[in-house]
Amino acid sequence: MSALISSAAWVRRGVTAQHPTKYVLDDQELERVSALARVELEDARKELELAHKAAQSMGKGAEGEEADDTTDDDGWVDEDEDAMDEDVPMDQDQAEGSTDAAPTGDDLEQYNLDDYDNDDAMPGMGPFSNIKGLTYYRNNDEDPYITLKEDDEAQEREELEVLPTDNLLVVAKTEDEISQLEIYVYDESEENLYVHHDLMLPSFPLCLEWLDFPPVSSPSVRAPAEGGAAAQFGNFIAVGTLDPEIEIWSLDTVEAMYPDMVLGRPDKTAAHVPTPLGTGKKKRKKTKARPASTAHHVDAVLSLSWNRTHRNLLASASADRTVKLWDLSRDPTINGEGGEGQGALRSFDVHKDKVQAVQWNQADPTVLLTGSYDRTVRTFDSRAPDAGVGAVVGADVEALRWDPWEPHGFYVSLENGLVLNFDARALPSDLSSPSPSRFTLQAHDGAVSALDINPHVRGILATGGTDKVVKVWNVTEDQDLGKRQVSLVTSRDLGVGKVFSTAWSPDDPLTLAAAGSKAKLQIWDIGANANARKVLGPKVAEAGRVLKEKQGGGIISVASDDEDSSGGEDEGDEE
């Protein structure tokens with residue numbers, strides 16, 4: 001499998017802890033992990049002990065050049081040094097009864113062996129003549145002559161520091177069949193982008209969603225700081241993968257080994273254990289479908305959406321054709337008496353095929369918007385899903401977004417390269433009825449796999465497609481015709497390959513992040529384009545925002561040996 005980035009998510013400034021904490025695997029954390037994974041605590045301890053013993057025995061038993069030094073010397077000074085300095089006279093050795101013939105004393109006089117250990121008689125050895133008087137120390141901390149001590153802990157703390165003016169960018173990356181979350185720090189003032197830390201994932205990641213609600217099983221809730229109350233806000237990322245489970249990780253913890261919460265039932269879905277159907281050669285071509293459940297997903301999680309009003313709610317869309325609603329304040333683990341944990345709050349069966357996308361309406365926080373491979377979109381109140389409305393869109397849904405500037409409007413991007421705009425108030429409850437869109441945009445030559453609406457300036461749309469191009473569109477109201485006009489502002493091949501994710505910055509009005517099939521993250525400052533400044537400048541000023549013109553070429557990426565962080569190399573054609 002080639003390297004790629006399947007999803008990217010921003011974290012706004014001032015949310016991330018300035019000094020992230022390091023993960024600690026103690027007995028309390030081990031108990032929490034075993035409850036989340038639904039495994040026996042004693043089995044987990046045994047596995048940990050075996051791993052610890054294996055780590056200690058690494059290298060022992062090797063032969064030849066690979067063998068480790070098995071001596072017990074822990075110090076730098078030879079313990080037998082004093083003994084070696086005390087030479088025994090040669091005549092004493094002879095007197096102790098050696099049977100071997102030895103030269104006479106006259107023959108050895110020329111070597112002056114009697115004065116061999118007399119330092120005064122020894123000639124000088126240059127700069128190393130006093131090397132026997134040197135003392136060796138294990139490290140600089142023990143050396144009294146070194147006054148500037150190295151503070152590794154303070155240096156590491158400084159390296160991990162995240163300033164209040166920094167953004168975080170989280171990407172779901174897979175490379176050489178290894179999946180992980182890479183957390184980047186973006187310093188807008190210095191146009192600097194670098195990897196801060198990463199988190200290993202058990203399966204191929206498909207979607208990301210940032211949230212600030214601390215899950216009930218998070219260590220920050222279960223074991224708050226001494227003398228303090230449980231945290232009410234945090235910095236977390238929810239991850240949907242090819243496995244049916246949803247993992248929620250803290251972005252303020254580095255080197256974490258296990259997520260803060262797992263939504264699902266890994267013991268029942270057995271995502272890591274193949275379940276072949278049939279025997280012999282045929283079992284490789286057939287897979288046994290997992291039984292459906294209203295309490296958890298049984299197939300890959302394709303999309304996630306966090307409710308910013310009711311902060312404890314998370315919606316998920318899955319390849320099992322369902323949309324599920326999760327309450328992060330409910331304990332998903334096995335309780336102390338061996339009882340079952342609490343599963344999904346609600347399960348919605350509103351589609352006939354895989355549900356590709358889901359999003360909450362920020363203006364009406366009980367309303368969900370969903371899109372599916374059954375070529376339909378649905379919008380419904382989560383309290384009464386049967387009373388929803390929808391539309392037939394004619395192709396598989398790739399992405400969808402509510403318009404943050406219009407409570408009832410939303411956009412849908414399709415596999416055939418179209419982007420549609422709908423008014424939910426005009427949609428029928430019966431899908432057999434006509435459901436025309438307000439306007440249709442032929443955005444890309446291939447699938448429109450990425451879509452986002454600018455949250456700072458009204459009427460600015462970003463799309464990305466499998467044609468490897470990112471485009472920015474301007475939507476305006478024609479007062480004379482009473483219709484909306486859509487025009488292309490600028491487009492660019494950012495060098496990320498097929499574009500799988502585009503996301504506007506939560507802090508800067510014209511900063512866009514894009515990632516795709518080349519496993520590369522790029523940040524594009526739209527304001528660096530002259531036509532973009534001309535067309536969007538009045539809109540930005542009307543929104544009360546300041547259009548900052550960067551010094552570089554408008555592309556910020558991770559610096560490498562061949563290119564600088566300000567996009568010194570040409571990242572593609574710009575129109």
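So, here's what we can say about the structure. Just so you know, these numbers come straight off a predicted model, no measurement behind them.

## Observations concerning the overall build of the protein chain
Part 1: When helices and strands are counted, the protein chain shows nine helices and 30 strands.
Part 2: Looking at the protein chain as a whole, 45% of its 575 residues qualify as buried.
Part 3: A total accessible area of about 31700 Å² is found for the protein chain, and carbon and sulfur atoms account for 48% of it.

## Regarding helix 9 (residues 530-542)
Part 1: Taking 1.5 Å as the rise per residue, helix 9 with 13 residues should run 18 Å; its terminal C-alpha atoms sit 19 Å apart, in good agreement.
Part 2: Of all the bends in helix 9, the largest measures some 50 degrees and sits at L536, one to four residues before the proline P538.
Part 3: In this structure, the buried side of helix 9 is in contact with strand 24 (460-464), strand 25 (470-478) and strand 26 (483-492).
Part 4: Two or three places before N531, at the start of helix 9, stands the capping residue N529, its side-chain oxygen 3.0 Å from that residue's backbone nitrogen.
Part 5: With its phi angle positive at about 80 degrees, G544 sits one or two positions after the end of helix 9.

## Notes on the environment of P202
Part 1: Residue position: P202 is located in the loop between strand 5 (192-200) and strand 6 (205-211).
Part 2: The class of P202 is exposed, set by a relative accessible area of 58%.
Part 3: Each C-alpha atom, one on P202 and one on D243, is 8.6 Å from the other, the two residues being 41 residues apart in sequence.

## Notes on the nonpolar core
Part 1: One finds L181, I237 and L314 to be the most contacted residues of the largest nonpolar core, which totals 37 residues.
Part 2: Among the elements of the structure, strand 1 (4-11), strand 3 (166-175), strand 4 (178-187), strand 6, strand 7 (236-241), strand 8 (246-250), strand 10 (261-263) and strand 11 (301-306) are those that each provide at least two residues to this core.
Part 3: Other than its neighbours up to four places away in sequence, L314 contacts E209, A238, I246, L263, L304, S305, W306, K324, L325, W326, L328 and W360.

## A word on the sheet that holds strand 19 (residues 397-402)
Part 1: Reading across from one edge, 19-20-21-22 is the order of the four strands in this open sheet, with antiparallel pairing throughout. The sheet terminates laterally at strand 19 and strand 22 (439-442), the two strands that pair on one side only. For this sheet, the mean inter-axis angle between neighbouring strands, taken without regard to orientation, is 20 degrees.
Part 2: Relative to strand 22, strand 21 (residues 418-423) runs antiparallel, the two being bridged by four bridges. Counted as the bridge partner of V419 is L441 from strand 22.

Definitions and limits used
- Residues numbered from 1 in each chain as written.
- Predicted model: local features only at pLDDT ≥ 70, side-chain atom pairs only at ≥ 80, totals over all residues.
- Heavy atoms only, no water.
- Helix = DSSP H or I, 4+ residues; strand = E, 2+ residues; numbered from the N terminus.
- Buried < 20%, exposed > 50% of the residue type's maximum accessible area, 1.4 Å probe, protein only.
- Areas by Shrake-Rupley, 256 points an atom, 1.4 Å probe, with all protein chains shown as cover.
- Expected span 1.5 Å × (residues − 1).
- Bend = angle between axes of the 7 residues up to and from the residue.
- Contact = heavy atoms within 4.5 Å.
- Polar contact = N/O pair within 3.5 Å; in protein donor to acceptor, adjacent residues only side chain to side chain.
- Core = buried A, V, L, I, M, F, W, Y, C linked by side-chain atoms within 4.5 Å.
- Pairing = 2+ DSSP bridges.
- Axes fitted to C-alpha atoms, helices over the stretch in contact; angles between N-to-C directions.

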